[in-house]
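Examining the three-dimensional arrangement
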Amino acid sequence: MIRLENVTKSYSAEVVALHDASFEVAKGEFVFLVGPSGSGKSTMLRLLNREERPERGAVWVAGRNIVDMPPGRVPHLRRNIGNVFQDYKLLTEKTVFENVAFAQEVIGRPRHVIRQQVPAVLDLVGLAGKEDRFPNQLSGGEQQRVSVARAFVNRPLILLADEPTGNLDPATGEGIMRLLDRINTTGTTVVMATHDQRIVNTMRKRVIQLDRGVIVRDQARGVYE
Amino acid sequence: MWSRLTYTLRETWASFQRNITLTVAAIITAAVSLLIFGLTLLIQEGFDNLLSRWEGGVEMIVFVQAQATEEQRSVIEEALAAQEGSIIASWSYCDVACSLEDAQRLFAGDPATLELLTETNIPTQYRVVPTEGTDVLTLRALREAYQDGLPNVLSVTLAEDQLDLISRLQGFVGLYTTGLWISLMFAATLLIWNTIRTAMFARRREIEVMKLVGATDWFIRVPFMLEGLVQGIIGGATACGALWFINNRWTAGVAEFPENSGFAALVVSDGYLNWVMLGIIAFGALVGMIGSGIAASRFLDV
Ligand SMILES: Nc1ncnc2c1ncn2[C@@H]1O[C@H](COP(=O)(O)OP(=O)(O)OP(=O)(O)O)[C@@H](O)[C@H]1O
Ligand SMILES: [Mg+2]
């Protein structure tokens, strides 16, 4: 599903965010990216949805090397990838329903599909009955659930999550993790960058550890350390 | 399809409201520019009407009495041919149909006179192009000779009487109005550009999310292009209204000028006016759409 081959990404001569990184993720896997601040986790995720391009190496996603993908194809790549962020990135002037529907609207899903799938996914993330609220009328955990619903509503092959629990208290964070785990069991590949030691240690999934842009550990059923 | 359309229209309308001051400024500037553009075209057309019979270096016109027979005209043609090579470089005959067409342009603002001219009473014309280096005095002498010596000649007119002043006036007016509308169009484009940038900045979070969930650039761009298009069309329509009004007042005013003042030609036909108005709207629409499209593409990347 995902394969990186000797990927090097630098933002400038001094800042080398990733150095010669290679790994492979199979369909349906759940992978934690861990490492100290500035080690290149977010950069890795941004390479996977072509927000950034590496100087060297190949990035294979769903059977395609996306490094040299023509810009016109990138939107279609992104329809196969859901994104969840630490700061949710919800649109404050839209309701919960509209925020999720937006992800379908802008890729041209017909209205009857939207009317059917948005409530279903909101139900899945546990937000049934809160469709008409605005983001500022929700708790942090609920906002993150909206964001997960938006990332998942188009049934992506891959879900990328960048510190999705970073702003949440442990109990709320666990709820989000259960949700991501459930999404993972539907066959969606999940790659999640995190600092949350407890979560990594309880979930016991594959762990890829970065240090100053270099992969220093790749461990199945790993722990945070 | 339907959901796309409603999405696009909703976003365009919302953006309009959000940006009302800048939008109004852009529309007014576009309208004034397009108005001056339209006026330039009308003025040029008016001058062209006045000068059309002098096109192609014609400097002398021999008017022939209406209903002169071909045989009678051959005397005139022989006289012209006799000078060919020395004073006259070439000459051509403007027959009844041609002369009627000429009158249509010349008396555009004077329908009463136009009405009196018919196939049977309109004088036809010989249009004469002199050789290079022929001076005015020679031409004047030729005019005298033709006027007095040739049968069936109604009158002979020389270009020097009106041509020089008018074409100089035309060049002067054309230069300044063109300069004016181009700079205003430039200002209008900048304003439209700025409206789009402001609109996109206001929606940058939305655009970020759209790109992340896989909206195509075109999908993101179209509402902004539509916004520019609508601005251009409203500007164009406003300019059309003003142009129509001004042209109307001018045409009415010209009708009251003394006959033979020459101003009757400085009026354009309704058909031409319609073309100009259509052109103005199309031009406004094009500038608005392309300007905003380019702006949207530029700010999509950042
Ligand atoms: N847009 C950018 N321009 C320049 N340098 C950048 C940019 N983004 C990241 N960097 C640099 O690249 C390196 C890796 O950054 P990255 O954001 O990938 O780290 P991270 O592991 O996600 O850190 P954190 O845990 O703090 O989120 C850092 O040194 C950072 O300063
Ligand atoms: Mg990060």
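Considerations on the domain arrangement of chain B
Residues and elements named next belong to chain B. Split into domains, chain B comes out as domain 1 (2–51 + 164–301) and domain 2 (53–160). Spacing between the C-alpha centres of domain 1 and domain 2 amounts to 43 Å. Each partner contributes to the interface: domain 1 provides 13 residues, whereas domain 2 provides eight residues. Counting residues per element, the ones that place at least two in the side of domain 1 that touches domain 2 are helix H2 (20–51) and helix H9 (217–255). Of the residues assigned to the side of domain 1 that touches domain 2, the class counts are nine nonpolar, three polar and one charged.

Topic: the sheet that holds strand S1 (residues 2–10) of chain A
Residue and element names in this part refer to chain A. On the basis of which strands lie adjacent, the open sheet formed by four strands has the order S2-S1-S4-S5 and antiparallel pairing. Of all the strands in the sheet, just strand S2 (16–25) and strand S5 (64–65) have a single pairing partner and so form its edges. Bridge count for S1 against strand S4 (residues 56–61) is five bridges, and the pairing is antiparallel. Across the sheet, the residue bridging to Leu4 is Val59, located in S4. Across the sheet, helix H1 (residues 41–48) lies against S1, S2 and S4, angled at about 120° from S1, the strand it touches most.

Some remarks on the interface of chain B and chain A
Each partner contributes to the interface: chain B provides 14 residues, whereas chain A provides 15 residues. Among the secondary structure elements, those contributing two or more residues to the side of chain B that touches chain A are helix H1 (2–18) and helix H8 (204–212) of chain B. Of the residues forming the side of chain B that touches chain A, the biggest block, five residues, is contributed by H8(B). Tallied by class, the residues present in the side of chain B that touches chain A amount to eight nonpolar, three polar and three charged.

A short note on helix H5 (residues 140–152) of chain A
All names here are of chain A. Relative to the 18 Å expected for 13 residues at 1.5 Å per residue, H5 spans 18 Å between its end C-alpha atoms, a close match to the ideal helical length. Three or more residues of H5 are buried, namely Glu142, Gln143, Gln144, Arg145, Val146, Ser147, Val148, Ala149, Arg150, Ala151 and Phe152. In this structure, the buried residues of H5 make contact with strand S6 (81–85), helix H3 (96–105), helix H4 (111–124), strand S7 (158–162) and helix H6 (170–185).

Things to note about unusual backbone geometry
All names here are of chain A. A positive phi angle, near 65°, is found at Tyr88, a position not held by glycine. Following the sequence through the fold, Tyr88 ends up in the loop between S6 and H3. Overall, the presence of 21 C-beta atoms within 10 Å leaves Tyr88 in the buried class. The phi dihedral of Glu163 falls on the positive side, at around 45°, and the residue is not glycine. Tracing the chain through its elements places Glu163 in the loop between S7 and H6.

Each value, and the rule that gives it
Residues numbered from 1 in each chain as written. Chains lettered and ligands numbered in written order. Predicted model: local features only at pLDDT ≥ 70, side-chain atom pairs only at ≥ 80, totals over all residues. Domains from an automatic or database assignment. Contact = placed C-beta atoms within 7 Å. Helix = DSSP H or I, 4+ residues; strand = E, 2+ residues; numbered from the N terminus. Nonpolar A, V, L, I, M, F, W, Y, C, P; charged D, E, K, R; others polar. Pairing = 2+ DSSP bridges. Axes fitted to C-alpha atoms, helices over the stretch in contact; angles between N-to-C directions. Expected span 1.5 Å × (residues − 1). Buried ≥ 20, exposed ≤ 12 C-beta atoms within 10 Å, placed from the backbone.

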